[in-house]
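What the coordinates show
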Amino acid sequence: KKKDQSKNVNNNLQKKTSNNVNDNSTVRTRHIALRFSYDGANFTGLAQNIGAENDASVERALFEALIKAKLIQSRDTCGYSRCGRTDRGVSAAGQVVAMHLKSAFPLDATWNDEDDDEGHQNNP
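So, a few notes on the structure that sits alongside this text.

Moving on, we come to the packing of aromatic side chains. By the definition in use, this model includes three aromatic pairs. Judged by centre distance (6.1 Å) and plane angle (75°), the ring pair of Tyr38 and Phe43 falls under edge-to-face. Judged by centre distance (4.8 Å) and plane angle (75°), the rings of Phe63 and Tyr80 are edge-to-face. In this pair, Phe63 is assigned in helix H2 (residues 58-68) and Tyr80 in the loop between H2 and strand E3 (81-82), connecting sequence segments 17 residues apart. Exposure class is identical for Phe63 and Tyr80. Each is buried. An aromatic cluster of at least three residues, connected via ring pairs, comprises Phe36, Tyr38 and Phe43.

Right, let's get into the pattern of salt bridges. According to the stated counting rule, one finds three salt bridges in the structure shown. Glu59 is paired through a salt bridge with Arg82; the nearest N and O atoms lie 2.5 Å apart. With Glu59 in helix H2 and Arg82 in strand E3, the pair connects residues that are 23 residues apart, well separated along the chain. Judged by its relative accessible area of 1%, Glu59 is buried. Note that Glu64 is salt-bridged to Arg60, the shortest N-O span being 3.1 Å. Linking Glu64 with Arg60, this pair stays in helix H2, spanning four residues, or about one helical turn. Given a relative accessible area of 25%, Arg60 falls into the partly exposed group.

This next bit is on the environment of Lys102. Within the secondary structure, Lys102 is located in strand E4 (residues 92-102). Note: C-alpha distance between Lys102 and Val27 (75 residues apart in sequence) is 6.8 Å.

A few words now on H2. Those residues of H2 not exposed but buried are Val58, Glu59, Leu62, Phe63 and Leu66. Along H2, the residues classed as buried sweep out an arc of 125° about the axis, all on the same side. Next to the buried residues of H2 lie strand E2 (26-38), E3 and E4. Downstream of H2 by one or two residues, Lys70 has phi in the positive range, about 60°.

To continue, consider the nonpolar core. Grouped together as the largest cluster of nonpolar side chains are 14 residues, with contacts concentrated most on Ile72 and Met99. Listed by contribution, the elements that provide at least two residues to this core are E2, H2 and E4. Apart from the residues within four sequence positions on either side, Met99 is in contact with Arg30, His31, Ile32, Leu62, Leu66, Ile72, Cys78, Gly79 and Tyr80.

Moving on, we get to the side chain of Thr86. Along the chain, the position of Thr86 falls in the loop between E3 and E4. A distance of 2.7 Å separates the side chain of Thr86 from the side chain of Tyr38, its partner in a polar contact. Within the structure, the side chain of Thr86 is placed 3.2 Å from the backbone nitrogen of Leu46, a separation counted as a polar contact. With residues near it in sequence (within four places) discarded, Thr86 still touches Tyr38, Gly45, Leu46, Ser91, Ala92 and Gln95.

Scoring rules and cut-offs
- Position labels on residues start from 1 in each chain and follow its written sequence.
- Owing to the predicted nature of the model, reporting of local features is limited to residues with pLDDT of at least 70; listing and counting of side-chain atom pairs is limited to 80 or more, with chain, interface and lining totals taken over all residues.
- Remark: hydrogens and water are excluded; side-chain values derive from all non-hydrogen atoms of the structure.
- Each aromatic pair joins two rings of Phe, Tyr and Trp (for Trp, the six-membered one) with centres within 6.5 Å, and gets the label stacked for planes under 30 degrees apart, edge-to-face for over 60, and tilted for any other angle.
- By the criteria applied, helices consist of DSSP H or I runs no shorter than four residues and strands consist of E runs no shorter than two, each listed in order from the N terminus.
- A simple rule labels every residue: compare its accessible area, found with a 1.4 Å probe on the protein chains alone, to the largest value its type can have, and call it buried under 20%, exposed over 50%, or partly exposed in between.
- Take a side-chain nitrogen of Lys or Arg and a carboxyl oxygen of Asp or Glu: if they are within 4 Å of each other, that pair is a salt bridge.
- The directions from the helix axis to the C-beta atoms form the arc being described.
- By definition in these notes, contact holds between two residues if any of their heavy atoms fall within 4.5 Å.
- Think of a nonpolar core as a cluster: buried Ala, Val, Leu, Ile, Met, Phe, Trp, Tyr and Cys residues, connected wherever their side-chain atoms sit within 4.5 Å.
- The term polar contact refers here to a pair of N or O atoms within 3.5 Å; inside protein, the definition further demands a hydrogen-donor-capable atom paired with an acceptor-capable atom, and it admits residues adjacent in sequence only when both atoms are side-chain atoms.

In structure tokens:
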């Protein structure tokens, strides 16, 4: 089972070149599913109204935070997908979106039989 998990992790880790003008290094990304909840009282819904100046969507707030934290370059470059949507004022519990985010795993990280479940080297 552990080998299957390791293979899965390696398949989900990818090397990508950053498009950030201030960062010309190569970074590792991970394809993740992000599950979150929100109170929709102050939002126009989940789906972003691209191009609308007064857009108060959950997606707009989410992407502004991810870009500010430098976890993604843009919505267009992160492979974003969602599995649902809500209308104005509607809250959600367990909303799921998927995307590629910058990872804290070093570029040379490997998962092998000598690593524990958290990727730390086991010393016999």
